[in-house]
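# Residue-level structural notes
Each chain is listed here by its residues.
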Amino acid sequence: GENIDIVVRNLRGEGGLSVTYDPIVLNVNNMELKFPHEQFIDGKFVGSSDGRTFQTINPATEKPICSLPLATVADVDRAVRAAKKAFERGEWRQMSARERGKRLYRLAELMEEHKEELATLESLDAGAVYTLALKTHVGMSIDVWRYFAGWCDKIQGKTIPISNARPNKNLCLTVREPIGVVGLITPWNYPLMMLSWKMAACLAAGNTVVHKPAQVTPLTALKFAELSVLAGIPPGVINIVTGSGSLVGNRLTAHPDVRKIGFTGSTEIGATVMESCAKSNIKKVSLELGGKSPLIIFADADLEKAVKQACGAVFFNKGENCIAAGRVFIAKSIHDSFVKKLVEEAKQYQIGDPLDRSTAHGPQNHLAHLNKLVEYVENAVRDGAKVEVGGKRLEREGLFFPPTILSNIDDENFAASEESFGPIMCISSFDDDDVEDVLRRANDTEFGLAAGVFTRDASKSLRVAEALHAGTVFVNTYQKTDVAAPFGGFKQSGFGKDMGEEALNEYLVTKTITIEY
Ligand code: TAP
């Protein structure tokens, strides 16, 4: 894929809707791929206020894909103004909830129609394995838009029996209203899916939005913006600014007209975001942050299944997965044979070009991240870890790091508490009979995003699920999230839920109306 500039075209949507932009056109993955490479403000694709740009890199080749506007504070302010106008005076607020749902549903259908392009873009920009991108990155994004499209006309208040002001009577009711302009800030591991998890609930609730994708993976958000025009989402309802977190993200969190921030990213930046939300204007905030999720394998588990699932729990999406099992506890009596099987399984992951249909393991997302993984293994080994397989950058073109297994991680090891966010399994063993002790160790973390347990003993599995402090607990499975089920962490993994009915709460406020008659 060489860069191809710039032809002006109109892409026609249904009902005469159209969007004009200067596309990048690539012949790649057996298709002609067209996508915008400018930010999206007030229904138009535009450059940055000062004309500066940056490049986004293909991690499979380390070559640039295209350049994009490096957004400025002025661009954020412009996007917020557009979102505010759309919220206060636009068609979006006037339209019925059912009509809003229809448009979101239409958007999901357009994403379905363009899913090969979206998955190809995710593959080029984020190194996502194409087959996985189709199913998960894009597939689950489409599902979540459909799911929340259905909620639009089901967001309801209550009537509440308050005491009457006798001799008169009172009627008390609640109305659930959108908050206003919402800022969404997302990371690079599932670019389109993180956008969709948040934005679908946010728009279903009737808000307008300014989104900042991660700087290293901005492309699917812009293709999505194009589709949103064709779906009939009015100008200003969705705005996408492409720039750095420290400037653009920070301006969003501090902006006086933004009333809510939905953030997914690291715990460290999450804390900064929360502080800025508090100091600027007491913004409502929800935070989906880091994790170091424990997975406990008891000796009585279905071991064949547990081997496959444990590998999936760590290596899925090259480990760039917030709920990746960050620590795997294996019962002593099965430890050695189980580790041997894990190593065999890890070696079977086909590593290669993410667009190749037989590839199971693509390149890491970007260079800084890959370098951190190399360092992570060095630190773990310094603290006593044994490398069972992998552990080094592969000597080939692209940012490849193989599925890696580290055993002998004791509780003091750096790797027992630090998240790697890469394909690195960290194994510790535990005494078969001491369930209390393994639970204590599993909970001995400041994170609480997810956890898992494998056992055939039903009551043990329930007791363990109850004792694990995590927002999601998997029993005899892992990685099984669903758009209808609430998702979000405990402790320093943040608060607030994505997906499921509960996610709507993050983007609504409740008004109480009391009437006397
Ligand atoms: P971060 O470095 O925290 O970046 C997340 C987003 O915040 C990026 O868009 C980033 O912009 C932006 N940002 C950076 N500084 C900011 C600031 N001062 N104010 C506002 N925004 C700012 O995380 P990451 O490296 O992209 O992602 C990895 C982390 O995300 C991991 O810890 C992982 O566990 C977590 N994660 C959690 C979940 C859930 S659901 N809990 C899901 C996925 C990932 P740039 O583009 O400039 O970096």
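Before any of the text, the structure's been laid out above.
About the thresholds
- Residues numbered from 1 in each chain as written.
- Predicted model: local features only at pLDDT ≥ 70, side-chain atom pairs only at ≥ 80, totals over all residues.
- Heavy atoms only, no water.
- Buried < 20%, exposed > 50% of the residue type's maximum accessible area, 1.4 Å probe, protein only.
- Helix = DSSP H or I, 4+ residues; strand = E, 2+ residues; numbered from the N terminus.
- Pairing = 2+ DSSP bridges.
- Right-handed = clockwise from strand over helix to strand, strands pointing away.
- Arc of directions from axis to C-beta.
- Near = heavy atom within 4 Å.
- Polar contact = N/O pair within 3.5 Å; in protein donor to acceptor, adjacent residues only side chain to side chain.
- Nonpolar A, V, L, I, M, F, W, Y, C, P; charged D, E, K, R; others polar.
- Axes fitted to C-alpha atoms, helices over the stretch in contact; angles between N-to-C directions.
- Phe/Tyr/Trp six-rings, centres within 6.5 Å; stacked < 30°, edge-to-face > 60°.
- Salt bridge = Lys/Arg side-chain N within 4 Å of Asp/Glu carboxyl O.

### A closer look at the pairing of strand S7 (residues 53-58)
Taking every second residue as pointing to the same face, the buried face of S7 carries Phe54, Thr56 and Asn58, while none of Thr53, Gln55 and Ile57 on the other face is buried. When S7 meets strand S8 (residues 63-69), the two strands line up antiparallel, connected through 6 bridges. Note on S8: the bridge partner recorded for Ile57 is Pro64. Hairpin connection, S7 to S8: the antiparallel pair is bridged by 4 residues, and Glu62 has positive phi, about 60°.

### What about the pairing of strand S11 (residues 181-185)?
Across the 5 residues of S11, 5 count as buried, placing the element largely inside the fold. Residues Val181, Gly183 and Ile185 point to one face of S11 and Val182 and Leu184 to the other, with burial holding for every one of them. With respect to chirality, the unit in which S11 leads through helix H6 (residues 191-204) into the neighbouring parallel strand S12 (residues 208-212) is right-handed. As judged from the 4 bridges shared by S11 and strand S14 (residues 260-264), these two strands associate in the parallel manner. Within S14, the residue paired with Val182 across the bridge is Lys260.

### Describing helix H8 (residues 245-254)
The α-helix advances 3.6 residues per turn, and as a result positions three or four apart in sequence lie on the same side. Buried within H8 are the following residues: Val248, Gly249, Leu252 and Thr253. One side of H8 holds all its buried residues, which, seen down the axis, span an arc of 135°.

### So, the site of the ligand
If you check the shell around the ligand, you find 29 residues, and the closest are Gln215, Gly245, Ser266, Leu289 and Glu419. In the environment of the ligand, an oxygen atom lies 3.0 Å from a nitrogen or oxygen atom belonging to the side chain of Trp188. Interatomic distance of 2.7 Å between a backbone N/O atom of Gly245 and an oxygen atom of the ligand. Mapped onto the shell around the ligand, the elements with two or more residues apiece are H8, S14 and helix H9 (267-281). For the shell around the ligand, the element with the most residues is H8, which contributes 4 residues. Considered class by class, the residues forming the shell around the ligand number 13 nonpolar, 13 polar and 3 charged.

### Section: the sheet that holds strand S17 (residues 325-331)
With mixed pairing, 7 strands are arranged side by side in an open sheet as S18-S19-S20-S17-S16-S22-S23. With partners counted over all chains shown, the strands left at the sheet margins are strand S18 (386-389) and strand S23 (472-475), one partner each. The sheet shows a mean angle of 25° between the axes of neighbouring strands, direction not considered. Pairing geometry for strand S16 (residues 293-297) and strand S22 (residues 450-454), over 3 bridges, is parallel. Across the sheet, residue Ile297 finds its bridge partner in S22, namely Phe454.

### Quick notes on the packing of aromatic side chains
Tallied over the entire structure, the rule returns 10 aromatic pairs. A ring pair is formed by Trp188 and Phe421, whose centres lie 5.2 Å apart and whose planes are at 80°; its orientation type is edge-to-face. Of this pair, Trp188 sits in the loop between S11 and H6 while Phe421 sits in the loop between helix H13 (414-417) and strand S20 (424-430), placing them 233 residues apart in sequence. Assigned by exposure class, Trp188 and Phe421 land together as buried. Ring centres 4.8 Å apart and planes at 50° place the aromatic pair Phe474 and Tyr478 in the tilted group. The two residues Phe474 and Tyr478 agree in class, both being buried. One aromatic cluster is present, built from ring pairs that chain together Tyr21, Phe40 and Phe45.

### Brief notes about the sheet that holds strand S10 (residues 170-178)
The 3 strands lie next to each other as S9-S10-S26, forming an open sheet whose pairing is antiparallel. Because the sheet does not close on itself, it has two edges, and the strands there are strand S9 (159-160) and strand S26 (508-516). By the bridge criterion, 9 bridges tie S10 to S26 in an arrangement that is antiparallel. Opposite Arg176, over in S26, you have Thr510 as the bridge partner.

### Observations concerning the pattern of salt bridges
All told, the structure shown has 29 salt bridges when counted by the stated rule. Note that Asp257 is salt-bridged to Lys84, the shortest N-O span being 3.7 Å. Here Lys84 lies in helix H1 (residues 73-89) and Asp257 lies in the loop between H8 and S14, a separation of 173 residues in the sequence. Of the charged contacts in the structure, one is a salt bridge between Glu275 and Lys279, with a shortest N-O distance of 3.1 Å. Here Glu275 and its partner Lys279 are both found in helix H9, 4 residues apart, which amounts to about one turn of the helix. Each of the salt bridges in this network shares a partner with another, and the network as a whole consists of Glu91, Glu99 and Arg103.

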